[in-house]
Amino acid sequence: MSELEHFRADKDDFFASHPQSPLTQAQKQQFKGLYYFDENPALRLEVKVIPFPEREQVEIQTSTGEVRVYTRYGRFIFPVEGQEVELTIYETEHGFFLPFVDSLAGVETYPAGRYLDPEVLPDDRFLVDFNLCYNPYCAYNDAWSCPLTPFENRLKVPIRAGEKLFHS
């Protein structure tokens, strides 16, 4: 079993049985595992992030109408299926946060987008492994409040990696 397969199996176990799972009791009884794209090595990237000269704070609305404050940290450019695209990484008190929507939203991926927690590397570099991208908890249960993806992180290309649309 690969490291990614092991990670996904552990996540399925958490969703199926842990008290802090985003699933309701009824969902847990029917749960057979999350759906994923096959591992895509081309979307495991070490990227150079260009930090913004001024790290402005932005308010991002959540799925329940609340507002959360994030700091715009920087942008990076990367290729997907022959196109150069760019995304903004945000900073929170808990670390770095990368929400994004791709062209598969509403068909193969969650309509409001998916999340990724980029890993800091030396020299303004980050590990951005889209194979680890995940749905926000509000994708499973409306009781959760999740940040909505900012317009600047809405891609017109598919990101065929990570978690797919949840089917209860």
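Above this text is the structure in question.
This text gives an overview of the structure that appears in the document. (Residues numbered from 1 in each chain as written. Predicted model: local features only at pLDDT ≥ 70, side-chain atom pairs only at ≥ 80, totals over all residues. Heavy atoms only, no water.)

Let us now look at empty space enclosed by the protein. Following the criterion strictly, the structure yields 1 cavity of 30 Å³ or more and no others. In this model, the largest cavity occupies a volume close to 30 Å³. Forming the boundary of the largest cavity are L4, F7, R8, K11, Y36, N131, L132, C133, Y134 and E163. Classifying every residue of the lining of the largest cavity by side-chain character gives 6 nonpolar, 1 polar and 3 charged. (1 Å grid on protein atoms, 1.4 Å probe; cavity = no way out; pocket = protein on both sides within 12 Å on 5 of 7 lines; lining within 4 Å. Points joined across faces, edges and corners; volume = space filled by probe spheres on them. Nonpolar A, V, L, I, M, F, W, Y, C, P; charged D, E, K, R; others polar.)

Spatially, the 3 strands line up as an open sheet ordered β1-β9-β8, and their pairing is antiparallel. Edge positions in the sheet fall to β1 (44-48) and β8 (119-121), since each of these pairs with one other strand and no more. For this sheet, the mean inter-axis angle between neighbouring strands, taken without regard to orientation, is 30°. The sheet contact formed by β1 and strand β9 (residues 125-129) spans 5 bridges and is antiparallel. Paired with L45 across the bridge in β9 is V128. (Pairing = 2+ DSSP bridges. Helix = DSSP H or I, 4+ residues; strand = E, 2+ residues; numbered from the N terminus. Axes fitted to C-alpha atoms, helices over the stretch in contact; angles between N-to-C directions.)

Counting across every chain of the model gives 17 aromatic pairs. Taking the centre distance of 6.1 Å and the plane angle of 65° together, the rings of F14 and F15 count as edge-to-face. Using a relative accessible area of 2% as the deciding quantity, one classes F15 as buried. On the numbers, 4.8 Å between centres and 75° between planes, the contact of Y73 with F96 is edge-to-face. Of this pair, Y73 sits in strand β4 (residues 67-80) while F96 is found in strand β6 (residues 95-100), placing the two residues 23 residues apart along the sequence. Per residue, the accessibility class of Y73 equals that of F96, and both read buried. Three or more aromatic residues link up through ring pairs in this structure, and these residues are F14, F15, F31, Y137, Y140, W144 and F166. The side chain of R72 reaches across the aromatic face of F52, ending 4.1 Å from its centre. (Phe/Tyr/Trp six-rings, centres within 6.5 Å; stacked < 30°, edge-to-face > 60°. Buried < 20%, exposed > 50% of the residue type's maximum accessible area, 1.4 Å probe, protein only. Lys NZ or Arg CZ within 6 Å of the ring centre and 35° of its normal.)

What follows deals with helix α1 (residues 3-17). Relative to the 21 Å expected for 15 residues at 1.5 Å per residue, α1 spans 21 Å between its end C-alpha atoms, a close match to the ideal helical length. Looking only at α1, the buried set comprises L4, R8, K11, D12 and F15. For α1, the arc enclosing every buried residue in end-on projection is 100°, short of the 170-degree limit, so these residues lie on one face. Relative to its buried face, α1 has exposed residues pointing more than 90 degrees away, namely E3 and S17. On its buried face, α1 sits against α2 (25-30). (Expected span 1.5 Å × (residues − 1). Arc of directions from axis to C-beta. Contact = heavy atoms within 4.5 Å.)

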